[in-house]
Protein chains: 2
Amino acid sequence: MVSCPKCNEVSAVQKAGIVRGKQRYCCKSCDFHFTLPDLTTAPQTKRHQVTIVDIAEELGISKSTVSRALRGHTDIHAGTRQMVLDLAQQLEYQPNPLANALLKSKTNTVGIIVPEFRHYFFPATIIGAQEVLSAAGYNVMICQSDESYETEVANVKALMSSRVDGLLVSLSSQTNNFDHFRAVQRRDVPLVFFNRVCPELDTPQVVVEDYAGAFAAVEHLIEQGYRRIAHLTGPSTLQVSHLRLQGYLDALQKHGLVPENELIIHYDLTPEKARIYANYLLSLPQPPDAIFALNDPTAIEIMLVAKARGVKIPQELGVVGFSNDPMSAIIEPPLTTVAQPVHEIGRQAAQLLLEQMNDAPPRRAVLTTQLLVRGSSQLERQKK
Amino acid sequence: MVSCPKCNEVSAVQKAGIVRGKQRYCCKSCDFHFTLPDLTTAPQTKRHQVTIVDIAEELGISKSTVSRALRGHTDIHAGTRQMVLDLAQQLEYQPNPLANALLKSKTNTVGIIVPEFRHYFFPATIIGAQEVLSAAGYNVMICQSDESYETEVANVKALMSSRVDGLLVSLSSQTNNFDHFRAVQRRDVPLVFFNRVCPELDTPQVVVEDYAGAFAAVEHLIEQGYRRIAHLTGPSTLQVSHLRLQGYLDALQKHGLVPENELIIHYDLTPEKARIYANYLLSLPQPPDAIFALNDPTAIEIMLVAKARGVKIPQELGVVGFSNDPMSAIIEPPLTTVAQPVHEIGRQAAQLLLEQMNDAPPRRAVLTTQLLVRGSSQLERQKK
DNA sequence: CTGTTAGCGCTTTCAC
DNA sequence: GTGAAAGCGCTAACAG
């Protein structure tokens, strides 16, 4: 009645005891022990996940053999492998990644820490990073620091405790102590910064041409005829702030304009503060005739404040942002902005992380920016 | 020279062999075995994570005792606990959650699947969900289905294989087969739908007053004097589409207006298609004088198309959206929209998931909506 | 109060 | 080719 799965012999098969309530058989011809796959009840067993032991017992072989078959080892009997593969499929076997993770100390998970994802920029970079990472077999855990140093430290701690295999980070605007990242490095966990990079640590990083982009933006404003150009930027701890400020300053200088301290404002990148400083700038005795903002959300807050005050854009105030947030194309007038390849930033960051995991030499990726001139700064054309 | 950590006795301490290269001691007075904490070299050992065994050996006690001390068990000698706690801190011991996860079949991770996070809505819900989940000690894995059924199935599979403890899902616009979620239920993994909920499965879910919101929106348009009102909505498989359509239809009927098939369009919610159908509607022989859109991104695409065609909003075309995306306040004229509590949706979804994990009876949360009347639909005021 | 033992699911020597 | 056994880090009976 029962045929041996190994040699197909029928007559030599004898019963060989009952294990875990299952009738076991032994083929005296080829000395193969096995049980009959119990397909009717197995899928109904809720809760209990199918393991290689289940498969092994079902087939009357050892779990090592099942493991080998599943992992595609070469030195294994083709018939055995097929049996295992078939049964695994029927039982909807799913390997438990936890066991493997414990064994290999590798979770196939990477952590991403961003300051926020209210706006367009960070979600977009995350999309790019996820693209690359999931193609490489990694899951992603995302945390927001909410622009808070403490939360960022907590995020790092949580992700490290989750034993992520790598970390992708864009710094919070508050962070100026980097010990939590030194701890990451001490544990040899690959670390890549993007956009808001860490000046003190020697890690791979992805940035854009911040200086060149800012320079082009401000030069454009000057060419349009604006002369009293303010700059609303992030905390000076952030390298992006520093570089874009430098671009701003050098553009002014090139055209013989003298920067004024009261027109250069560092702030914490919260929308509330953006509004406060925009109002402050516009109520100066000598208000600026243009503002270059660190990013589009800031620029848009400025435009809203200006509109609310009845200040005409671009006639009375030119505005330029940075990033090409979709909002910048929608606001009226559309916002001139320095476009950066947001998805590519994420992709590159993930790429650098993968490289670092494979012990490739650390790289620094610098992506290009492009000035998109739109209505918020086209003074000359408006004048015509 | 060496004092016993247990009884502080010095003279009774004798050397007791070398284990793993470390001198072990034995206190003959209290029969306590121990080694001296080797603080100088321990922190330098890269790569190797400190485990309870390290602590146990360092202290000459068993790993169970260390485990108990760390877990705050009551029946443990206060001195022993302190010793363990102190050393754990000095060694920067971090428990390995993988071991625990394997043991308990609990990963403390929940998966979230959303159709996209290009726009405001889903990132905002995720922020809310993360708030609640991380407070409850859960990590979050986020996947995007990209509005694709296949990707959604793959996402579910990936998250299940990662052994998440629960799943928060908003369906892709393509999904009309729910077998992949039945598989989740079969494995007893808690499952909560939000926003785009599953009509066929009996799970907790979070929705808003879609019908009432849509009804109010359309009634508002009618009261403003619009008479030929189109509706651009999602696939009919989505319950939101269905409910908002019903609100639209009933509002028309209440005011004696007859719905026309050519003015009701279901589409796949991609921006490209939104533009195509907006153009189609506006080039009808008898174009609509108002459009109620399923959501704000759709409404905004419509406005952009209308503007490009020189159609005046709200004079020639009234537009109403749904969600109160920040973009809706920025576009010119500002978009009338049905606001929904986006963060709260995420929070509630997480809440329902936690409840389900604690075997509480499944609930359905219905959150309120509120019509925000803005410039894109205020025909009468404009006329004055 | 503490140590011993077993085991979560899997891979990987090391034998045969 | 295959099986037995060890072990990843931890917790939880079960004994003392």
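Residues numbered from 1 in each chain as written. Chains lettered and ligands numbered in written order. Predicted model: local features only at pLDDT ≥ 70, side-chain atom pairs only at ≥ 80, totals over all residues. Heavy atoms only, no water.

1. Looking at the protein's contact with DNA strand D
And then number 1: In the vicinity of DNA strand D lie 26 residues, with Thr65, Arg68 and Thr80 of chain A together with Lys63 and Tyr93 of chain B positioned nearest.
And then number 2: Within the side chain of threonine 65 of chain A, a nitrogen or oxygen atom sits 2.3 Å from a phosphate oxygen of DNA strand D.
And then number 3: Interatomic distance of 3.2 Å between a backbone N/O atom of alanine 99 of chain B and a base nitrogen of DNA strand D.
And then number 4: Within the residue set of the surface near DNA strand D, elements represented by two or more residues are helix 2 (63-71) and helix 4 (97-104) of chain A together with helix 2 (63-71) and helix 4 (97-104) of chain B.
And then number 5: In terms of residues, the surface near DNA strand D owes the most to one element, helix 2 of chain B, which gives five residues.
And then number 6: Across the surface near DNA strand D, the residue classes tally to nine nonpolar, 10 polar and seven charged. (Near = heavy atom within 4 Å. Polar contact = N/O pair within 3.5 Å; in protein donor to acceptor, adjacent residues only side chain to side chain. Helix = DSSP H or I, 4+ residues; strand = E, 2+ residues; numbered from the N terminus. Nonpolar A, V, L, I, M, F, W, Y, C, P; charged D, E, K, R; others polar.)

2. Focus: the sheet that holds strand 10 (residues 264-266) of chain A
Residue and element names in this part refer to chain A.
And then number 1: Taken in spatial order, the six strands of this open sheet run 10-9-11-12-13-15, and their pairing is mixed. The open sheet has two edge strands with one neighbour each: strand 10 and strand 15 (370-372). On average, each strand axis in the sheet is inclined to that of its neighbour by 15°, with strand direction left out of account.
And then number 2: As paired strands, strand 11 (residues 290-293) and strand 12 (residues 318-323) are joined by three bridges and run parallel to one another. Along strand 12, the bridge assignment pairs phenylalanine 292 with valine 320.
And then number 3: Strand contacts of helix 8 (residues 210-223): strand 9 (229-233), strand 11, strand 12, strand 13 (336-339) and strand 15, with the helix running at about 165° to strand 12, the strand carrying the most contacts. (Pairing = 2+ DSSP bridges. Axes fitted to C-alpha atoms, helices over the stretch in contact; angles between N-to-C directions. Contact = heavy atoms within 4.5 Å.)

3. Some words on the side chain of threonine 109 of chain A
And then number 1: By secondary structure assignment, the location of threonine 109 of chain A is in strand 4 (residues 109-114).
And then number 2: Not counting chain neighbours up to four residues away, the residues in contact with threonine 109 of chain A comprise Tyr138, Asn139, Met141, Val164, Asp165 and Gly166 of chain A together with Met141 of chain B.

4. Considering the domain arrangement of chain A
Residue and element names in this part refer to chain A.
And then number 1: By the assigned domains, chain A splits into domain 1 (1-43), domain 2 (47-95), domain 3 (105-207 + 343-362) and domain 4 (210-341 + 370-383).
And then number 2: For domain 3 and domain 4, the distance between their C-alpha centres works out to 29 Å.
And then number 3: With 19 residues of domain 3 at the interface, the matching set in domain 4 holds 17 residues.
And then number 4: Buried area between domain 3 and domain 4, summed over both chains or domains, comes out near 1,300 Å², and the portion from carbon and sulfur atoms is 60%.
And then number 5: The largest share of the area that domain 3 buries against domain 4 comes from Tyr120, Ser173 and Arg196, three residues that together contribute 33% of it.
And then number 6: On the surface where domain 3 and domain 4 come into contact, there are zero salt bridges.
And then number 7: Here domain 3 and domain 4 share four residue pairs in polar contact (both at pLDDT 80 or more) between them.
And then number 8: At the level of elements, strand 8 (205-208) and helix 13 (342-357) are the ones that each hand at least two residues to the side of domain 3 that touches domain 4.
And then number 9: No other element matches helix 13, which puts three residues into the side of domain 3 that touches domain 4. (Domains from an automatic or database assignment. Buried area = accessible area lost by both parts, 1.4 Å probe. Salt bridge = Lys/Arg side-chain N within 4 Å of Asp/Glu carboxyl O.)

5. Quick word on the sheet that holds strand 9 (residues 229-233) of chain B
Think of a sheet as strands paired side by side through backbone hydrogen bonds, with each pair either parallel or antiparallel.
All names here are of chain B.
And then number 1: The mixed open sheet is built from six strands, whose spatial order is 10-9-11-12-13-15. Two strands in the sheet have a free side with no partner beyond their single neighbour: strand 10 (264-266) and strand 15 (370-372). Averaged over all pairs of adjacent strands, the angle between strand axes in this sheet comes to 15°, irrespective of strand direction.
And then number 2: Running at roughly 165° to strand 12 (residues 318-323), helix 8 (residues 210-223) makes contact with strand 9, strand 11 (290-293), strand 12, strand 13 (336-339) and strand 15 of the sheet.
And then number 3: Together, strand 9, strand 11, strand 12 and strand 13 form the strand contacts of helix 11 (residues 296-308), whose direction differs from that of strand 12 by roughly 155°.

6. Regarding the pairing of strand 4 (residues 109-114) of chain B
In summary, the side chains of a regular strand alternate between the two faces of the sheet.
Residue and element names in this part refer to chain B.
And then number 1: Counted residue by residue, strand 4 has six buried out of six residues, so it is predominantly covered.
And then number 2: Burial of the side chains of strand 4 extends over both faces: Thr109, Gly111 and Ile113 are buried on one face and Val110, Ile112 and Val114 on the other.
And then number 3: Here six bridges tie strand 4 to strand 5 (residues 139-144), and the two strands are oriented parallel to one another. Across the sheet, isoleucine 113 pairs through a bridge with cysteine 143, a residue of strand 5.
And then number 4: Strand direction decides the pairing type here: strand 4 and strand 6 (residues 166-169), joined by four bridges, are parallel. Residue pairing for strand 6: valine 110 is matched across the bridge by glycine 166. (Buried < 20%, exposed > 50% of the residue type's maximum accessible area, 1.4 Å probe, protein only.)

7. Topic: the relation of the copies chain A and chain B
And then number 1: Note on the identical chains: chain A maps onto chain B by a rotation of 180° and an axial translation of 0.0 Å, with an RMSD of 0.1 Å. Here the two chains are linked by the operation of a two-fold rotation axis.
And then number 2: Looking at the interface residues of chain A, 100% of them are also at the interface in chain B, so both copies use one shared face. (Least-squares fit on C-alpha atoms with pLDDT ≥ 70 in both.)

8. Let's talk about the interface of chain A and chain B
And then number 1: Contacts between the two partners involve 42 residues from chain A and, on the opposite side, 42 residues from chain B.
And then number 2: In total, chain A and chain B occlude about 4,300 Å² of area from one another, counting both sides; carbon and sulfur atoms represent 54% of this.
And then number 3: For the chain A face of the interface with chain B, the top three residues by lost area are Arg163, Arg187 and Ile330 of chain A, together amounting to 17%.
And then number 4: Counting across the interface, chain A meets chain B through three salt bridges.
And then number 5: Arginine 186 of chain A is the partner of glutamate 92 of chain B in a salt bridge, and the nearest nitrogen-oxygen pair spans 3.8 Å.
And then number 6: Inspection of the chain A/chain B interface yields 16 residue pairs in polar contact (both at pLDDT 80 or more).

9. Digging into helix 2 of chain A
All names here are of chain A.
And then number 1: Where helix 2 is concerned, the buried positions are Thr65, Val66 and Ala69. Buried residues along helix 2 cover an arc of 100° about the axis, so they all sit on one side.
And then number 2: Lining the buried residues of helix 2 we find helix 1 (52-59) and helix 3 (78-90).
And then number 3: Positive phi shows up at glycine 72, right after helix 2, with a value of about 75°. (Arc of directions from axis to C-beta.)

10. Considering the environment of glutamine 378 of chain A
All names here are of chain A.
And then number 1: Checked against the element boundaries, glutamine 378 lands in the loop between strand 15 and helix 14 (379-383).
And then number 2: The exposure class of glutamine 378 is buried, given its relative accessible area of 13%.
And then number 3: Sequence-wise, glutamine 378 and glutamate 344 are 34 residues apart; in three dimensions their C-alpha atoms are separated by 29 Å.

11. Some remarks on the protein's contact with DNA strand C
And then number 1: For DNA strand C, the set of nearby residues contains 26 residues, the closest of which are Lys63 and Tyr93 of chain A together with Ser64, Thr65 and Arg68 of chain B.
And then number 2: Expressed as a percentage, the sugar and phosphate content of the atoms of DNA strand C within 4 Å of the protein is 59%.
And then number 3: With respect to DNA strand C, the side chain of tyrosine 93 of chain A contributes an N or O atom lying 2.5 Å from a phosphate oxygen.
And then number 4: A distance of 3.1 Å separates a phosphate oxygen of DNA strand C from a polar atom in the backbone of serine 62 of chain B.
And then number 5: Listed by contribution, the elements that provide at least two residues to the surface near DNA strand C are helix 2 and helix 4 of chain A together with helix 2 and helix 4 of chain B.

12. Some remarks on the pattern of salt bridges
And then number 1: All told, the structure shown has 29 salt bridges over all chains when counted by the stated rule.
And then number 2: One salt bridge connects glutamate 219 of chain A with lysine 254 of chain A, and the closest N-O pair in it is separated by 2.7 Å. Placement of glutamate 219 of chain A in helix 8 and of lysine 254 of chain A in helix 9 (residues 239-254) is noted, with a sequence separation of 35 residues between them.
And then number 3: On the basis of relative accessible area, glutamate 219 of chain A is assigned to the buried category, the value being 14%.
And then number 4: A relative accessible area of 55% places lysine 254 of chain A in the exposed class.
And then number 5: For arginine 275 of chain B, the salt bridge identified is with glutamate 301 of chain B, shortest N-O distance 2.8 Å. Placement of the pair is arginine 275 of chain B in helix 10 (residues 271-282) and glutamate 301 of chain B in helix 11, with a sequence separation of 26 residues.
And then number 6: One salt-bridge network, in which partners are shared between bridges, spans Glu131, Glu344 and Arg347 of chain A.

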